[in-house]
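# Summary of structural features
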Amino acid sequence: MSWPENRTPEHLLESDRAAGFDISADFRRFSQMNDIFTRAFWDKRVRSKDSDAFFASYRMEAAPRCGDGFTQADFALRNASWLISDMISERNAAEGEREGFQAPIRSSVPVADIQADLGSPADAAANIKRVARLFGADLVGITAIDLRWHYADRPDVREMKPVPNDLPPGLTHVIVMGHAMDFGLVETYPSALAGAATGREYSHEAAIVMQMAAYIRNLGYEAVASMNDTALVIPYAVKAGLGEYGRNQMVLTPEFGPRVRFSKIFTNLDMALDAVKPLGMAHYCQDCTACAAACPVKALPFGAPDFGEEVAAGSPSTLRGVRKWSSNAEACFGYWTKIKTDCAICMRVCPFNRDYTRTADRLWRWLARGHMGAAGVKLARWWETRRGKRARLKPSQWWARGY
């Protein structure tokens, strides 16, 4: 059924407006059964010999080849980077739960009987952010729980059948953590080597999100650790003030551009909420099509945000009822299966994917985000044009540089 009464909950209206969320009357919660990666296990329109080989390549069936970035060493580094994440996701697969991806991460830590007093909601938020950064999170934001973004169901991975997507009652807040991907590795996309940037952060975030949930549970509050499971993280990251949604289907952050993976914790710990922040990056996206032009299978849109009509019309893997940029998930994943690794060219070529330790890149970001008005944005676009096409770093150069 559509969202109850086709209405946005009153307490979320203001933050929806600030985030620019345009939700239509026919909005429906998304079934995780229709996630493109889940469909690759049950939907014959997506599953193929190539998709089976793609998943197998993350084990000992990598089938390395001579191409730069696809050697045995490249696959070995990529697959090793996924190790910790894989250990978590596989430990309860026999019970139908692929934790962190198609089920929340189970906690081995009970909730303490006594609740610690962390002071005011602002004090509690500061405490949580400090500990999250101690454990290794690069970004931290806090927002209100919003069931619109929670999957209508999740898959039981034993038979790939939908089952309830339930969380403990009484949860009120979501802690969203960002984990920055390695700039040098991202510069080698598309390659198996670049896939190590993805796997490394999934393994990092698995440890960080579990440690944070354990900390909160030891304080006497409920906490459920989550990665790609349970709910769509992009709207939560935007609502937590961490970034804006870009044409390339990623959250653009001021600190790292699109080069970020996200995890989240659902909790009943009362904390001050972060405000949605206008950051100027989505505005820049309106007239930038670098990612769409670079996509080898043209899976990204060139037009304005819509309700999924431009490149994704009719796809069950597209969230309906929200005006946004949408991708052709089938074309995108099909390309991944052919090269046997994730692609992310769209991440690499994004103008906001820069090394912000460099003064010139920080200046460009300041202009592009509109701090000098329309004239500054125009200058940033000219500057980006002068920079020319983003050349891929050869994986062999990455190895030679000793990163």
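Coordinates for the structure precede this section.
Described in the following lines is the structure provided in the data block. Computed from a prediction, not measured in an experiment: that's the story for all the values here.

What counts, and at which threshold
Residues numbered from 1 in each chain as written. Predicted model: local features only at pLDDT ≥ 70, side-chain atom pairs only at ≥ 80, totals over all residues. Heavy atoms only, no water. Helix = DSSP H or I, 4+ residues; strand = E, 2+ residues; numbered from the N terminus. Expected span 1.5 Å × (residues − 1). Buried < 20%, exposed > 50% of the residue type's maximum accessible area, 1.4 Å probe, protein only. Arc of directions from axis to C-beta. Contact = heavy atoms within 4.5 Å. Salt bridge = Lys/Arg side-chain N within 4 Å of Asp/Glu carboxyl O. Axes fitted to C-alpha atoms, helices over the stretch in contact; angles between N-to-C directions. Parallel < 35°, antiparallel > 145°, perpendicular 65-115°, else oblique. Nonpolar A, V, L, I, M, F, W, Y, C, P; charged D, E, K, R; others polar. Phe/Tyr/Trp six-rings, centres within 6.5 Å; stacked < 30°, edge-to-face > 60°. Lys NZ or Arg CZ within 6 Å of the ring centre and 35° of its normal. 1 Å grid on protein atoms, 1.4 Å probe; cavity = no way out; pocket = protein on both sides within 12 Å on 5 of 7 lines; lining within 4 Å. Points joined across faces, edges and corners; volume = space filled by probe spheres on them. Pairing = 2+ DSSP bridges.

Let's shift gears to helix H15 (residues 373-387). Spanning 15 residues, H15 covers 21 Å between terminal C-alpha atoms, matching the ideal 21 Å at 1.5 Å per step. Taken together, the buried positions of H15 are Gly-376, Val-377, Ala-380, Arg-381 and Glu-384. Down the axis of H15, the smallest arc covering the buried residues is 140°, so these residues share one side. Exposed and oriented more than 90 degrees from the buried face of H15 are Ala-375, Lys-378, Thr-385 and Arg-386. Looking at the packing, one finds that the buried side of H15 touches helix H10 (281-286) and helix H14 (359-368). Downstream of H15 by one or two residues, Gly-388 has phi in the positive range, about 80°.

Assignment of secondary structure puts Asn-34 in the loop between helix H1 (13-19) and helix H2 (36-42). The spacing of Asn-34 and Thr-318 is 284 residues in sequence and 8.3 Å in space, taken between C-alpha atoms. Sequence-distant contacts of Asn-34, that is, excluding residues within four places in its chain, are made with Arg-39, Trp-42, Pro-316 and Ser-317.

The final tally for this structure, using the stated rule, is 24 salt bridges. A salt bridge links Arg-59 to Glu-90; the shortest N-O distance between them is 2.6 Å. With Arg-59 in the loop between helix H3 (49-56) and helix H4 (72-81) and Glu-90 in helix H5 (residues 83-90), this residue pair connects regions lying 31 residues apart in the sequence. Judged by its relative accessible area of 39%, Arg-59 is partly exposed. For Glu-90, a relative accessible area of 42% gives the class partly exposed. Where Asp-361 meets Arg-354, a salt bridge forms, and the shortest distance between an N and an O atom there is 3.1 Å. In this structure Asp-361 comes out as buried when scored by relative accessible area, which is 7%. By relative accessible area, which is 3% here, Arg-354 ends up buried. In the salt-bridge network here, residues are joined through shared partners; they are Arg-354, Arg-358, Asp-361, Glu-384 and Arg-387.

A separate point is the packing of H14 against H15. Direction vectors running N to C along H14 and H15 enclose 135°, while the axes themselves pass 7 Å from each other. In terms of orientation, H14 lies oblique with respect to H15. Residues Ala-360, Leu-363, Trp-364, Leu-367 and Ala-368 of H14 form the contact with H15, whose own contacting residues are Gly-376, Val-377, Leu-379, Ala-380, Trp-383 and Glu-384. A class-by-class count of the residues in the contact of H14 with H15 yields 9 nonpolar, 1 polar and 1 charged.

Going through the model one piece at a time under the given rule, you end up with 21 aromatic pairs. Ring plane angle 80° and centroid distance 5.7 Å describe the contact between Phe-21 and Trp-149, whose orientation is recorded as edge-to-face. With Phe-21 in the loop between H1 and H2 and Trp-149 in the loop between strand E1 (139-144) and strand E2 (154-156), this pair connects stretches of sequence that are 128 residues apart. Ring centres of Tyr-284 and Trp-364 lie 5.5 Å apart, and the angle between their planes is 75°; on these two criteria the pair is classed as edge-to-face. Here Trp-364 lies in helix H14 and Tyr-284 lies in helix H10, a separation of 80 residues in the sequence. Side by side, Tyr-284 and Trp-364 carry an identical accessibility label, which is buried. An aromatic cluster is present here, built from Phe-37, Phe-41, Phe-54, Phe-55, Tyr-58, Trp-82, Phe-101, Tyr-202, Phe-333 and Trp-336 joined pairwise through their rings. Residue placement shows Arg-78 over the ring face of Tyr-58; its charged tip is 3.5 Å from the ring centre. In this arrangement the basic side chain of Arg-381 is found over the ring face of Tyr-284, its NZ or CZ atom lying 4.1 Å from the centre.

Turning to the layout of surface pockets, a few remarks are in order. For the second largest pocket, the calculated volume is near 400 Å³. In this structure, the second largest pocket is lined by 17 residues; those nearest its centre are Ala-290, Val-349, Glu-384, Gly-388 and Lys-389. Those elements giving two or more residues to the lining of the second largest pocket turn out to be helix H11 (290-294), helix H13 (345-349) and H15. Class assignment for the residues of the lining of the second largest pocket results in 8 nonpolar, 3 polar and 6 charged.

All right, on to empty space enclosed by the protein then. Throughout the structure, instances matching the rule amount to 1 cavity of 30 Å³ or more. In this structure, the largest cavity encloses a volume near 80 Å³. Surrounding the largest cavity, Arg-247, Asn-248, Leu-252, Cys-285, Cys-288, Thr-289, Ala-290, Cys-291, Cys-350, Pro-351 and Phe-352 form its lining.

Looking now at unusual backbone geometry. The omega angle of the peptide bond from Tyr-189 to Pro-190 is 0°, so this bond is cis rather than trans. Inspection of the secondary structure puts Pro-190 in the loop between helix H7 (183-186) and helix H8 (195-218). For Thr-230, which is not glycine, the phi dihedral falls at a positive 70°. The topology assignment puts Thr-230 in the loop between strand E5 (223-226) and helix H9 (233-239). Of note in the backbone geometry, Ala-344 takes a positive phi value of approximately 60° without being a glycine. Following the sequence through the fold, Ala-344 ends up in the loop between helix H12 (329-339) and H13.

Let's shift gears to the pairing of E5. Going residue by residue along E5, you find Ala-223 and Ala-225 tucked away on one face and Val-224 and Ser-226 tucked away on the opposite face as well. Both E5 and strand E8 (residues 260-267) contribute to a ladder of 4 bridges, which runs antiparallel. Counted as the bridge partner of Ala-223 is Thr-267 from E8.

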